[in-house]
Amino acid sequence: MKIAILSRNATLYSTRCLQDAAVERGHTAEVIDYLRCYMNITSHNPQIIYQGKLLEDFDAVIPRIGASNTFYGTAVVRQLEIMGVFPANESQAISRSRDKLRCLQILAKRGIGLPVTGFAHSTKDIQGLIDIVGGAPLVIKLLEGTQGIGVVLAETDQAAKSVIEAFRGLDANILVQEFIAEAKGADMRCFVIGDKVVAAMKRQGAPGEFRSNLHRGGNAQRIKLTPEERSTALRAAKAMGLKIAGVDLLRSNHGPVVMEVNSSPGLEGIEKATGTNVAAKIIEFLEKSAAPNKTQDRIKY
Ligand code: ADP
Ligand code: MG
């Protein structure tokens, strides 16, 4: 196969591993900086030009689109889809997963376990919003934050009110969530490829930190999921239309709840914690699934 890896930086761990795994399995893999791609959107003959050359004859594309470049990155993936290239994740599914609110709405519709979550536009209704999640302590999140930045724990209703007003004053979109204290600063990252969880790790936040993100100083260990956790992760990825996903779960008193579903989950943390060659499994998945013109997103929302 000829595989395109859309990534801004060929030296990133995840990008390197994917390229090495593809080559080891007998494929060619080219790293393409999607922000440097430009497109010719013509009837019958859609094209992408990169470094002065047409991108041609690719069998599959692995999008690794950064959160701040979702708009342009997904346009490049979409163009490749239109050209018939098989995407590891489809452009629609990537866009969908980048909006935490949309993601939660879709998961809720499928009956997947979630923390109780509220969302409002106007600050006139703050108390109502706080009441939805059962009062403080509660978590306030920026809709498009990542790596734990923009996630705040408010210990009192008064603190919650001030933070919500401050975020809304900056015109930021936020959601308000029940605080799952019993998770004790830990979450579980389940790495889904196709219809399998291929690796799972427990991330524990630094002492005194409720956010378990590795970028915020958390540490990671391999973990064995319960059958319920495994099926929750698979259902969440499927609901979002993602074939490759990092599904984050919290262990709550009312069973596993989904925090978020990532469409470009990092490989370094999970490979180091579990010893699983996740990159090779992604390439294997492409070997089994890639076929021309095989995009199939059927999710309505
Ligand atoms: P980000 O996209 O920035 O990673 P998350 O929604 O995943 O944002 O939140 C970051 C971390 O904060 C989670 O991994 C989890 O450890 C903690 N966290 C988030 N929401 C809650 C919650 N409702 N209850 C308890 N912990 C939470
Ligand atoms: Mg997260």
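S.K.: Can you tell me about the sheet that holds strand β9 (residues 138-142), naming the residues and giving the values?
M.R.: Taking strand neighbours across the sheet as the criterion, the four strands line up as β8-β11-β9-β10 in an open arrangement whose pairing is antiparallel. Among the strands making up the open sheet, the edge pair consists of β8 (117-118) and β10 (151-154). Taken together, the five bridges between β9 and strand β11 (residues 174-178) define a ladder with antiparallel strand orientation. Pairing of I140 across the sheet is with V176, part of β11.

S.K.: Residues and numbers for unusual backbone geometry, please.
M.R.: Between A136 and the following residue, P137, the backbone shows a cis peptide bond with an omega angle of -5°. Relative to the helices and strands, P137 is located in the loop between α5 (126-132) and β9. Within the chain, H44 stands out as a residue other than glycine whose phi angle is a positive 70°. In this fold, H44 is placed in the loop between β3 (37-40) and β4 (47-50). Its identity as a non-glycine residue notwithstanding, D171 has a phi of 65°, on the positive side. Position of D171 relative to the elements: it lies in the loop between α6 (157-169) and β11.

S.K.: Tell me about the environment of K124, and please be specific about residues and values.
M.R.: Along the chain, K124 falls in the loop between β8 and α5. The class for K124 is exposed, based on a relative accessible area of 79%. Note: C-alpha distance between K124 and E165 (41 residues apart in sequence) is 9.5 Å.

S.K.: Before we move on, could you go through the packing of aromatic side chains and cite the residues and values that matter?
M.R.: Going through the model one piece at a time under the given rule, you end up with one aromatic pair. Aromatic side chains F179 and F210 sit 5.9 Å apart centroid to centroid with 80° between the ring planes, which places their arrangement in the edge-to-face category. A residue pair is termed long-range when its members are at least 10 positions apart, and F179 in the loop between β11 and β12 (186-193) and F210 in the loop between β13 (196-204) and β14 (219-222) qualify at 31 residues. With relative accessibility at 25%, the residue F210 sits in the partly exposed group. In this structure, K2 is placed above the aromatic ring of F58, and the distance from its NZ or CZ to the ring centre is 4.5 Å.

S.K.: Can you lay out helix α1 (residues 13-24) for me, pointing to particular residues and giving the numbers?
M.R.: A rise of 1.5 Å per residue sets the reference length of α1, with its twelve residues, at 16 Å; its end C-alpha atoms lie 16 Å apart and thus fit the reference within 8%. Turning to α1, the residues buried within the fold contact β1 (2-6), β2 (28-32), β6 (60-63), α8 (268-274) and α9 (278-289).

S.K.: Which residues make up the site of ligand 1, and what are the values?
M.R.: Around ligand 1 sit 21 residues, and of these K100, K141, G148, E178 and E260 come closest. Here a nitrogen atom of ligand 1 and a backbone polar atom of I180 are 2.9 Å apart. One of the side-chain N or O atoms of S212 is found 2.9 Å from an oxygen atom in ligand 1. Burial of ligand 1 by the protein amounts to 98% of the accessible area it has alone, namely 550 Å². Elements with a contribution of two residues or more to the shell around ligand 1: β9, β11 and β16 (255-262). Looking at side-chain class alone, the shell around ligand 1 contains eight nonpolar, seven polar and six charged residues.

Cut-offs used in this document
Residues numbered from 1 in each chain as written. Chains lettered and ligands numbered in written order. Predicted model: local features only at pLDDT ≥ 70, side-chain atom pairs only at ≥ 80, totals over all residues. Heavy atoms only, no water. Pairing = 2+ DSSP bridges. Helix = DSSP H or I, 4+ residues; strand = E, 2+ residues; numbered from the N terminus. Buried < 20%, exposed > 50% of the residue type's maximum accessible area, 1.4 Å probe, protein only. Phe/Tyr/Trp six-rings, centres within 6.5 Å; stacked < 30°, edge-to-face > 60°. Lys NZ or Arg CZ within 6 Å of the ring centre and 35° of its normal. Expected span 1.5 Å × (residues − 1). Contact = heavy atoms within 4.5 Å. Near = heavy atom within 4 Å. Polar contact = N/O pair within 3.5 Å; in protein donor to acceptor, adjacent residues only side chain to side chain. Areas by Shrake-Rupley, 256 points an atom, 1.4 Å probe, with all protein chains shown as cover. Nonpolar A, V, L, I, M, F, W, Y, C, P; charged D, E, K, R; others polar.

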